[in-house]
Amino acid sequence: MNKKAIIVLSVLGAVAACTNDPDELLAPSGPGGSVDIDLGALPYDSLSSYGFFTGNLQDLQPAPSVLPYSPITPLFSDYAHKSRFVWMPPGSKAQYVSEDVPLDFPDGTVLIKNFWFERVQPTDVKRVLETRMLFKRNGEWEFANYKWNAAQTEAVLDLFGSFAPLQWLDDDDQPHDVVYRIPSDAECLVCHKQNDIPEPIGPKPRNLNGNFQYADGTMNQLQRWIQAGYLEDNLPGNVGAVTDWKDPNANLNDRVRAYVDMNCAHCHSDGKHCDYRPMRFAWQETTDPINLGECVIPDQEVLPQLTHIVARGDTAASMLYYRISSTDETLRMPLLGRTVVHEEARQLFADWINSLSPSCN
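As the structure is a computational prediction, the values presented were derived from the model and not from experiment. Here the residue numbering is sequential within each chain, running from 1 through the sequence in written order. Restriction of local features to residues with pLDDT of at least 70 applies here, the model being predicted, together with a cutoff of 80 or more for giving and counting side-chain atom pairs; totals for whole chains, interfaces and linings are based on all residues. With hydrogens and water excluded, all non-hydrogen atoms of the structure serve as input to the side-chain values.

1. Quick look at the packing of helix α6 (residues 252–263) against helix α8 (residues 343–355)
Lines fitted to C-alpha atoms define the axes here, with helix axes fitted over just the stretch in contact, and angles between the N-to-C directions of these axes take values from 0 to 180 degrees. Starting at the N terminus, helices and strands are each numbered in turn, a helix being any DSSP run of H or I of at least four residues and a strand any DSSP run of E of at least two. Where α6 contacts α8, the axes come no closer than 10 Å and their chain directions differ by 135 degrees. Judged by the angle between their axes, α6 and α8 are oblique. In this structure, the crossing between α6 and α8 has a hand that is left-handed. Contact residues: L252, N253, R255, V256, Y259 and V260 in α6; A345, L348, F349, D351, W352 and S355 in α8. Oblique is the label for any angle not under 35 degrees, not over 145, and not in the 65 to 115 range, which are roughly parallel, roughly antiparallel and roughly perpendicular in turn. Handedness of a crossing is defined here by the sense of rotation of the near helix relative to the far one, left-handed for an anticlockwise turn of less than a right angle and right-handed for a clockwise turn. What makes two residues a contact is simply this: any of their non-hydrogen atoms within 4.5 Å.

Pasting the structure below:
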(Lines give C-alpha, C1' and ligand atoms only; values in the text may rest on other atoms or scores of the structure.)
Protein backbone atom coordinates (compact mmCIF):
# COMPACT_ATOMS: atom_id res chain seq x y z
CA MET A 1 0.00 0.00 0.00
CA ASN A 2 1.44 3.37 -1.00
CA LYS A 3 1.82 6.32 1.39
CA LYS A 4 -1.16 8.26 -0.07
CA ALA A 5 -3.54 5.33 0.44
CA ILE A 6 -2.40 4.90 4.06
CA ILE A 7 -3.16 8.58 4.81
CA VAL A 8 -6.64 8.36 3.25
CA LEU A 9 -7.50 5.23 5.23
CA SER A 10 -6.25 6.83 8.44
CA VAL A 11 -8.45 9.89 7.96
CA LEU A 12 -11.53 7.77 7.16
CA GLY A 13 -10.85 5.64 10.23
CA ALA A 14 -10.63 8.69 12.47
CA VAL A 15 -13.91 10.07 11.11
CA ALA A 16 -15.64 6.71 11.62
CA ALA A 17 -14.35 6.51 15.21
CA CYS A 18 -15.71 9.98 16.05
CA THR A 19 -19.09 9.24 14.48
CA ASN A 20 -19.60 6.02 16.40
CA ASP A 21 -18.41 7.18 19.84
CA PRO A 22 -21.42 8.34 21.97
CA ASP A 23 -19.18 10.47 24.16
CA GLU A 24 -17.91 12.30 21.12
CA LEU A 25 -21.49 13.17 20.17
CA LEU A 26 -21.85 14.96 23.52
CA ALA A 27 -18.39 16.40 23.72
CA PRO A 28 -18.36 19.07 20.96
CA SER A 29 -18.55 22.60 22.24
CA GLY A 30 -21.52 24.86 21.58
CA PRO A 31 -21.64 27.69 19.06
CA GLY A 32 -19.49 29.81 21.34
CA GLY A 33 -16.89 27.10 21.63
CA SER A 34 -16.83 27.33 25.41
CA VAL A 35 -19.14 24.57 26.69
CA ASP A 36 -17.55 21.14 26.86
CA ILE A 37 -19.57 18.46 28.63
CA ASP A 38 -18.56 14.84 29.23
CA LEU A 39 -21.89 13.42 30.37
CA GLY A 40 -20.26 10.36 31.90
CA ALA A 41 -18.11 12.55 34.16
CA LEU A 42 -20.95 14.65 35.62
CA PRO A 43 -21.37 16.21 38.02
CA TYR A 44 -18.14 18.20 37.84
CA ASP A 45 -16.50 19.38 41.05
CA SER A 46 -16.75 23.07 40.18
CA LEU A 47 -19.17 25.31 38.31
CA SER A 48 -16.47 26.86 36.14
CA SER A 49 -15.60 23.43 34.73
CA TYR A 50 -18.75 23.46 32.62
CA GLY A 51 -17.96 26.66 30.73
CA PHE A 52 -21.59 27.77 30.93
CA PHE A 53 -20.59 31.34 31.82
CA THR A 54 -18.04 33.68 30.31
CA GLY A 55 -15.88 36.39 31.86
CA ASN A 56 -16.20 37.08 35.56
CA LEU A 57 -18.09 34.05 36.89
CA GLN A 58 -20.11 36.12 39.35
CA ASP A 59 -21.62 38.09 36.45
CA LEU A 60 -23.28 34.87 35.20
CA GLN A 61 -22.98 35.90 31.56
CA PRO A 62 -24.01 32.86 29.50
CA ALA A 63 -21.89 31.34 26.76
CA PRO A 64 -23.53 31.67 23.32
CA SER A 65 -24.99 28.14 23.43
CA VAL A 66 -26.48 28.67 26.92
CA LEU A 67 -30.02 30.01 26.59
CA PRO A 68 -31.66 32.08 29.36
CA TYR A 69 -35.32 31.62 30.21
CA SER A 70 -37.82 32.47 32.93
CA PRO A 71 -41.24 31.10 33.90
CA ILE A 72 -44.02 33.68 33.53
CA THR A 73 -44.76 33.27 37.25
CA PRO A 74 -41.63 32.09 39.08
CA LEU A 75 -41.15 30.35 42.43
CA PHE A 76 -40.62 32.55 45.48
CA SER A 77 -37.38 31.82 47.36
CA ASP A 78 -36.94 34.27 50.25
CA TYR A 79 -36.69 37.23 47.83
CA ALA A 80 -33.56 35.81 46.19
CA HIS A 81 -32.86 36.94 42.63
CA LYS A 82 -32.60 34.12 40.10
CA SER A 83 -31.42 33.46 36.59
CA ARG A 84 -32.23 30.31 34.66
CA PHE A 85 -30.51 28.76 31.67
CA VAL A 86 -30.71 25.66 29.51
CA TRP A 87 -27.99 23.91 27.56
CA MET A 88 -28.32 20.91 25.27
CA PRO A 89 -25.79 18.89 23.31
CA PRO A 90 -25.30 20.23 19.78
CA GLY A 91 -27.83 18.81 17.34
CA SER A 92 -30.33 17.75 19.98
CA LYS A 93 -33.60 19.43 20.90
CA ALA A 94 -36.57 19.09 23.25
CA GLN A 95 -39.98 17.81 22.20
CA TYR A 96 -43.40 19.26 23.02
CA VAL A 97 -45.68 16.91 25.01
CA SER A 98 -48.51 19.15 26.20
CA GLU A 99 -48.75 22.64 27.64
CA ASP A 100 -49.10 21.20 31.18
CA VAL A 101 -46.14 18.80 31.04
CA PRO A 102 -42.42 19.69 31.11
CA LEU A 103 -40.76 19.52 27.72
CA ASP A 104 -39.28 16.14 26.85
CA PHE A 105 -35.59 16.96 26.93
CA PRO A 106 -32.83 14.89 25.30
CA ASP A 107 -30.06 13.20 27.21
CA GLY A 108 -27.27 15.63 28.04
CA THR A 109 -29.61 18.55 28.77
CA VAL A 110 -28.56 20.72 31.71
CA LEU A 111 -31.01 23.09 33.43
CA ILE A 112 -29.18 25.74 35.45
CA LYS A 113 -30.58 28.08 38.12
CA ASN A 114 -28.56 30.69 40.03
CA PHE A 115 -29.64 32.33 43.31
CA TRP A 116 -28.30 35.61 44.65
CA PHE A 117 -29.10 38.69 46.75
CA GLU A 118 -28.34 42.32 45.96
CA ARG A 119 -27.20 44.94 48.50
CA VAL A 120 -25.93 42.38 51.02
CA GLN A 121 -24.62 44.05 54.17
CA PRO A 122 -22.32 45.32 55.51
CA THR A 123 -20.59 46.02 52.18
CA ASP A 124 -23.77 46.54 50.09
CA VAL A 125 -22.72 44.08 47.38
CA LYS A 126 -24.20 41.34 45.24
CA ARG A 127 -23.68 37.88 46.69
CA VAL A 128 -24.35 34.73 44.71
CA LEU A 129 -25.17 31.85 47.05
CA GLU A 130 -25.85 28.79 44.96
CA THR A 131 -26.25 27.32 41.49
CA ARG A 132 -28.56 24.36 41.08
CA MET A 133 -28.49 22.00 38.12
CA LEU A 134 -30.63 19.22 36.77
CA PHE A 135 -28.92 17.13 34.11
CA LYS A 136 -30.38 14.25 32.16
CA ARG A 137 -28.40 11.05 31.74
CA ASN A 138 -29.63 7.68 30.50
CA GLY A 139 -33.16 9.06 30.40
CA GLU A 140 -33.20 10.16 34.05
CA TRP A 141 -32.71 13.52 35.75
CA GLU A 142 -29.98 13.96 38.37
CA PHE A 143 -29.21 16.82 40.76
CA ALA A 144 -26.01 18.83 41.11
CA ASN A 145 -25.86 21.78 43.53
CA TYR A 146 -22.97 24.22 43.73
CA LYS A 147 -22.20 26.46 46.69
CA TRP A 148 -20.38 29.73 45.96
CA ASN A 149 -17.25 30.80 47.83
CA ALA A 150 -16.95 34.07 49.76
CA ALA A 151 -14.70 35.56 47.09
CA GLN A 152 -17.42 34.93 44.49
CA THR A 153 -14.91 33.39 42.12
CA GLU A 154 -16.08 29.76 42.14
CA ALA A 155 -18.84 27.41 43.26
CA VAL A 156 -18.12 23.85 44.30
CA LEU A 157 -20.28 20.75 44.28
CA ASP A 158 -22.18 20.32 47.55
CA LEU A 159 -25.12 17.91 47.76
CA PHE A 160 -25.46 18.03 51.55
CA GLY A 161 -27.17 21.41 51.99
CA SER A 162 -26.25 24.32 54.26
CA PHE A 163 -27.47 27.65 55.66
CA ALA A 164 -26.35 31.13 54.61
CA PRO A 165 -27.34 33.87 57.09
CA LEU A 166 -27.28 37.37 55.63
CA GLN A 167 -28.87 40.80 55.75
CA TRP A 168 -29.90 42.70 52.61
CA LEU A 169 -31.49 46.09 51.91
CA ASP A 170 -34.57 46.60 49.74
CA ASP A 171 -35.26 49.53 47.41
CA ASP A 172 -36.44 51.60 50.38
CA ASP A 173 -33.21 50.85 52.28
CA GLN A 174 -35.10 48.68 54.74
CA PRO A 175 -33.01 45.80 56.17
CA HIS A 176 -34.14 42.19 55.85
CA ASP A 177 -32.56 39.29 57.71
CA VAL A 178 -32.69 35.82 56.23
CA VAL A 179 -31.10 32.49 57.03
CA TYR A 180 -31.12 31.24 53.48
CA ARG A 181 -31.34 27.49 53.01
CA ILE A 182 -29.24 25.88 50.30
CA PRO A 183 -30.99 22.52 49.81
CA SER A 184 -29.51 19.05 49.85
CA ASP A 185 -30.18 16.72 46.94
CA ALA A 186 -32.76 14.90 49.10
CA GLU A 187 -34.61 18.19 49.63
CA CYS A 188 -34.50 18.86 45.91
CA LEU A 189 -36.19 15.53 45.32
CA VAL A 190 -39.09 16.44 47.63
CA CYS A 191 -40.25 19.04 45.12
CA HIS A 192 -38.74 17.72 41.88
CA LYS A 193 -40.42 14.36 41.55
CA GLN A 194 -43.34 12.54 40.02
CA ASN A 195 -43.98 9.17 41.66
CA ASP A 196 -40.49 9.45 43.23
CA ILE A 197 -38.82 9.92 39.83
CA PRO A 198 -36.85 13.21 39.53
CA GLU A 199 -38.18 15.74 37.03
CA PRO A 200 -38.02 19.48 36.22
CA ILE A 201 -40.85 21.78 37.34
CA GLY A 202 -40.57 25.08 35.50
CA PRO A 203 -40.01 24.37 31.78
CA LYS A 204 -43.60 23.60 30.84
CA PRO A 205 -44.82 25.24 27.64
CA ARG A 206 -47.55 27.20 29.45
CA ASN A 207 -44.86 28.70 31.75
CA LEU A 208 -42.60 29.63 28.83
CA ASN A 209 -45.26 30.99 26.49
CA GLY A 210 -44.42 34.62 27.23
CA ASN A 211 -41.87 37.23 26.22
CA PHE A 212 -38.30 37.42 27.51
CA GLN A 213 -35.85 40.29 27.19
CA TYR A 214 -32.87 38.76 25.39
CA ALA A 215 -29.64 40.61 24.72
CA ASP A 216 -30.79 41.25 21.13
CA GLY A 217 -34.39 42.12 21.90
CA THR A 218 -37.69 40.83 23.27
CA MET A 219 -39.10 37.57 21.93
CA ASN A 220 -41.56 34.83 22.85
CA GLN A 221 -39.57 32.18 24.70
CA LEU A 222 -41.00 29.14 22.92
CA GLN A 223 -40.21 30.72 19.55
CA ARG A 224 -36.72 31.58 20.77
CA TRP A 225 -36.10 27.98 21.84
CA ILE A 226 -37.15 26.87 18.34
CA GLN A 227 -34.94 29.52 16.75
CA ALA A 228 -31.99 28.38 18.88
CA GLY A 229 -32.52 24.76 17.83
CA TYR A 230 -33.48 23.70 21.35
CA LEU A 231 -37.15 22.86 20.62
CA GLU A 232 -38.78 20.94 17.78
CA ASP A 233 -40.80 23.28 15.57
CA ASN A 234 -44.10 21.43 15.85
CA LEU A 235 -46.03 23.33 18.51
CA PRO A 236 -49.82 23.27 18.28
CA GLY A 237 -51.46 26.60 17.59
CA ASN A 238 -53.31 26.77 20.88
CA VAL A 239 -50.59 26.60 23.54
CA GLY A 240 -51.93 28.32 26.64
CA ALA A 241 -50.10 30.48 29.16
CA VAL A 242 -50.31 31.02 32.90
CA THR A 243 -51.02 34.47 34.27
CA ASP A 244 -48.27 36.72 35.59
CA TRP A 245 -49.21 36.80 39.27
CA LYS A 246 -47.76 40.33 39.60
CA ASP A 247 -49.94 41.78 36.85
CA PRO A 248 -52.40 44.12 38.62
CA ASN A 249 -54.59 44.20 35.52
CA ALA A 250 -55.01 40.43 35.42
CA ASN A 251 -57.96 38.58 36.89
CA LEU A 252 -57.47 38.22 40.66
CA ASN A 253 -58.48 34.56 40.70
CA ASP A 254 -56.08 33.77 37.84
CA ARG A 255 -53.22 35.52 39.66
CA VAL A 256 -53.83 33.27 42.67
CA ARG A 257 -54.04 30.22 40.40
CA ALA A 258 -50.71 31.13 38.81
CA TYR A 259 -49.06 31.61 42.19
CA VAL A 260 -50.17 28.27 43.65
CA ASP A 261 -49.36 26.53 40.38
CA MET A 262 -45.68 27.45 40.67
CA ASN A 263 -45.30 27.57 44.46
CA CYS A 264 -47.56 24.72 45.61
CA ALA A 265 -48.52 22.34 42.80
CA HIS A 266 -45.15 20.59 42.85
CA CYS A 267 -46.40 19.00 46.10
CA HIS A 268 -50.19 19.23 45.81
CA SER A 269 -50.77 17.15 42.68
CA ASP A 270 -51.27 13.47 41.95
CA GLY A 271 -48.06 11.51 42.48
CA LYS A 272 -46.38 14.39 44.30
CA HIS A 273 -45.10 14.73 47.86
CA CYS A 274 -48.40 15.96 49.39
CA ASP A 275 -50.87 14.22 47.13
CA TYR A 276 -52.66 12.86 50.22
CA ARG A 277 -53.99 16.38 50.87
CA PRO A 278 -57.26 17.39 49.16
CA MET A 279 -55.95 20.42 47.24
CA ARG A 280 -54.93 20.22 43.58
CA PHE A 281 -53.05 23.39 42.75
CA ALA A 282 -51.86 22.83 39.17
CA TRP A 283 -53.03 25.56 36.78
CA GLN A 284 -55.22 23.23 34.71
CA GLU A 285 -56.97 21.90 37.83
CA THR A 286 -57.77 25.14 39.66
CA THR A 287 -60.61 26.14 37.37
CA ASP A 288 -62.54 24.06 39.93
CA PRO A 289 -62.82 26.19 43.14
CA ILE A 290 -62.85 23.04 45.25
CA ASN A 291 -59.30 22.24 44.12
CA LEU A 292 -58.27 25.67 45.40
CA GLY A 293 -59.75 24.74 48.78
CA GLU A 294 -62.83 26.98 48.73
CA CYS A 295 -65.11 25.84 51.57
CA VAL A 296 -63.16 22.58 51.89
CA ILE A 297 -62.81 21.36 55.49
CA PRO A 298 -59.14 20.65 56.39
CA ASP A 299 -58.23 17.01 56.95
CA GLN A 300 -55.94 18.12 59.80
CA GLU A 301 -56.88 20.53 62.59
CA VAL A 302 -54.20 23.12 63.28
CA LEU A 303 -56.29 25.68 65.17
CA PRO A 304 -60.04 25.49 65.93
CA GLN A 305 -60.76 28.80 64.19
CA LEU A 306 -59.30 27.52 60.89
CA THR A 307 -62.55 26.01 59.70
CA HIS A 308 -61.79 25.74 55.98
CA ILE A 309 -58.79 25.61 53.68
CA VAL A 310 -60.25 28.76 52.12
CA ALA A 311 -63.16 30.32 54.00
CA ARG A 312 -64.77 32.73 51.56
CA GLY A 313 -64.57 36.30 52.84
CA ASP A 314 -62.70 35.31 56.01
CA THR A 315 -58.89 35.14 56.12
CA ALA A 316 -58.94 34.43 59.88
CA ALA A 317 -60.76 31.14 59.22
CA SER A 318 -58.65 30.15 56.18
CA MET A 319 -55.95 27.52 56.65
CA LEU A 320 -54.31 28.51 53.36
CA TYR A 321 -53.86 32.11 54.48
CA TYR A 322 -52.58 30.97 57.87
CA ARG A 323 -49.94 28.73 56.33
CA ILE A 324 -48.59 31.28 53.84
CA SER A 325 -48.39 33.78 56.74
CA SER A 326 -46.37 31.43 58.93
CA THR A 327 -42.61 30.90 59.17
CA ASP A 328 -42.96 27.89 61.47
CA GLU A 329 -41.26 25.16 59.49
CA THR A 330 -43.91 22.64 60.56
CA LEU A 331 -46.79 24.84 59.37
CA ARG A 332 -45.63 27.19 56.65
CA MET A 333 -46.51 26.68 53.03
CA PRO A 334 -44.57 25.77 51.08
CA LEU A 335 -42.62 23.75 53.62
CA LEU A 336 -39.38 24.03 51.64
CA GLY A 337 -37.96 26.86 49.60
CA ARG A 338 -38.81 29.77 51.88
CA THR A 339 -38.13 30.83 55.48
CA VAL A 340 -39.67 34.33 55.40
CA VAL A 341 -43.16 35.52 54.54
CA HIS A 342 -43.77 36.60 50.96
CA GLU A 343 -45.61 39.76 51.92
CA GLU A 344 -46.83 40.67 48.44
CA ALA A 345 -48.27 37.19 47.99
CA ARG A 346 -49.93 37.32 51.40
CA GLN A 347 -51.66 40.55 50.36
CA LEU A 348 -52.74 38.90 47.10
CA PHE A 349 -54.34 36.02 48.97
CA ALA A 350 -56.01 38.37 51.45
CA ASP A 351 -57.54 40.37 48.59
CA TRP A 352 -58.69 37.20 46.87
CA ILE A 353 -60.20 35.51 49.94
CA ASN A 354 -61.99 38.72 50.94
CA SER A 355 -63.43 38.97 47.43
CA LEU A 356 -65.06 35.52 47.57
CA SER A 357 -68.72 34.93 48.33
CA PRO A 358 -71.06 33.54 49.52
CA SER A 359 -69.52 32.59 52.85
CA CYS A 360 -68.97 28.91 53.65
CA ASN A 361 -71.51 27.12 55.83
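So, next bit.
2. Digging into the nonpolar core
If you look at the biggest cluster of nonpolar residues, it comprises 46 residues, and the most contacted ones within it are F52, V86, F105, M133 and W225. Residue assignment for this core shows that the elements contributing at least two residues are β3 (67–69), β4 (81–87), β5 (110–120), β6 (125–137), β7 (140–148), β13 (211–214) and α5 (221–227). Sorting elements by how many residues they give to this core places β7 first, with five residues. Counting 37 residues, the second-largest nonpolar core is a separate cluster that includes A282, L320, M333 and L356. By nonpolar core we mean a set of buried residues, namely Ala, Val, Leu, Ile, Met, Phe, Trp, Tyr and Cys, connected to one another through side-chain atoms within 4.5 Å. Remark: exposure states derive from per-residue accessible area (1.4 Å probe, protein chains only) relative to the maximum for the residue type, with buried under 20%, exposed over 50%, and partly exposed in between.

3. Considerations on the pattern of salt bridges
One side-chain nitrogen of Lys or Arg within 4 Å of one carboxyl oxygen of Asp or Glu is enough to make a salt bridge. Counting across every chain of the model gives 14 salt bridges. D100 serves as the salt-bridge partner of R206, at 2.7 Å between the closest nitrogen and oxygen. Remark: D100 occurs in the loop between β4 and β5 and R206 occurs in helix α4 (residues 205–208); sequence separation between them is 106 residues. R206 gets classed as buried once you look at its relative accessible area, which sits at 1%. Among the salt bridges present, the one from R181 reaches E187, with a minimum N-O distance of 3.0 Å. The partly exposed category is assigned to R181, whose relative accessible area is 25%. Residues joined by salt bridges that share partners form a network here, namely D100, R206 and D261.

4. Quick word on the side chain of S77
Inspection of the secondary structure puts S77 in the loop between β3 and β4. Owing to a relative accessible area of 4%, S77 belongs among the buried residues under this scheme. For S77, the side chain forms a polar contact with the side chain of K82, separated by 2.6 Å. When residues no more than four places from it in sequence are discounted, the contact partners of S77 are K82, F115, Y180 and G337. Polar contacts, as counted here, are pairs of nitrogen or oxygen atoms within 3.5 Å of one another; within protein the pair requires one atom able to donate a hydrogen and one able to accept it, and residues that are adjacent in sequence qualify only if both atoms are side-chain atoms.

5. A short note on the state of the cysteines
Cysteine sulfur atoms are paired as a disulfide whenever they come within 2.5 Å of each other. The tally for this structure, following the rule as stated, stands at one disulfide. Across the disulfide, C295 is cross-linked to C360 (sulfur-sulfur distance 2.0 Å). Given an S-S torsion of about -85 degrees, the disulfide between C295 and C360 has left-handed geometry. You can see C295 sitting in the loop between α6 and α7 (319–324) and its partner C360 sitting in the segment after α8, a full 65 residues away along the chain. We classify C360 as buried; its relative accessible area is 17%. Between C188, a free cysteine, and C191, which holds the nearest cysteine sulfur, the sulfur-to-sulfur gap is 8.2 Å.

6. Some remarks on α8
Since the α-helix packs 3.6 residues into each turn, any two residues three or four apart lie on the same face. For α8, spanning 13 residues, the distance from its first C-alpha to its last is 18 Å, which sits close to the expected 18 Å at 1.5 Å a residue. On its buried face, α8 is in contact with α6 and α7. Multiply 1.5 Å by the residue count of a helix minus one, and that product is the helix's expected span.

7. Some words on empty space enclosed by the protein
Rolling a probe over the atoms, with the probe sized like a water molecule, indicates the empty space that remains. Cavity and pocket criteria rest on a 1 Å grid covering protein atoms alone: a 1.4 Å probe that fits but cannot get out defines a cavity, protein on both sides within 12 Å along at least 5 of 7 lines defines an open pocket, and an atom within 4 Å of a point defines a lining residue. Grid points are joined across faces, edges and corners, and a volume is the space filled by probe spheres set on the points. By the definition in use, this model includes one cavity of 30 Å³ or more. Here the largest cavity is characterised by a volume of approximately 70 Å³. In this structure, the largest cavity is lined by F76, Y259, N263, C264, I324, M333, P334, R338, H342, A345 and R346. Among the elements of the structure, α6 and α8 are those that each provide at least two residues to the lining of the largest cavity. For this classification, Asp, Glu, Lys and Arg are treated as charged, while Ala, Val, Leu, Ile, Met, Phe, Trp, Tyr, Cys and Pro are nonpolar and the rest, including Gly, are polar. For the lining of the largest cavity, a count of residues per class yields seven nonpolar, two polar and two charged.

8. Thoughts on the side chain of E199
Mapped onto the elements, E199 comes out in the loop between β12 (197–198) and α4. Accessibility expressed as a relative area gives 18% for E199, which makes it buried. Side-chain polar atoms of E199 contact the side chain of K272, separated by 2.7 Å. Non-local contacts of E199, meaning those with residues more than four positions away in its chain, are made with L134, W141, H192, K193, Q194 and K272.

9. Comments concerning the environment of I201
With respect to the helices, strands and loops of the structure, I201 is situated in the loop between β12 and α4. You can call I201 buried: its relative accessible area is 13%. Separated by 64 residues in sequence, I201 and A265 place their C-alpha atoms 9.4 Å apart. Other than its neighbours up to four places away in sequence, I201 contacts C191, H192, N207, M262 and H266.

10. What about the pairing of β6?
Two strands pair if DSSP finds at least two bridges between them. Two elements, β5 and β6, share nine bridges in a ladder whose sense is antiparallel. Its bridge partner being in β6, F117 is matched across the sheet by R127. Hairpin remark: β5 followed by β6, antiparallel, with four residues in the connecting loop; positive phi at D124, about 60 degrees. As judged from the eight bridges shared by β6 and β7, these two strands associate in the antiparallel manner. Looking at β7, one finds that R132 is bridged to N145. Between the end of β6 and the start of β7, which pair antiparallel, lie two residues, with N138 showing a positive phi angle near 55 degrees.

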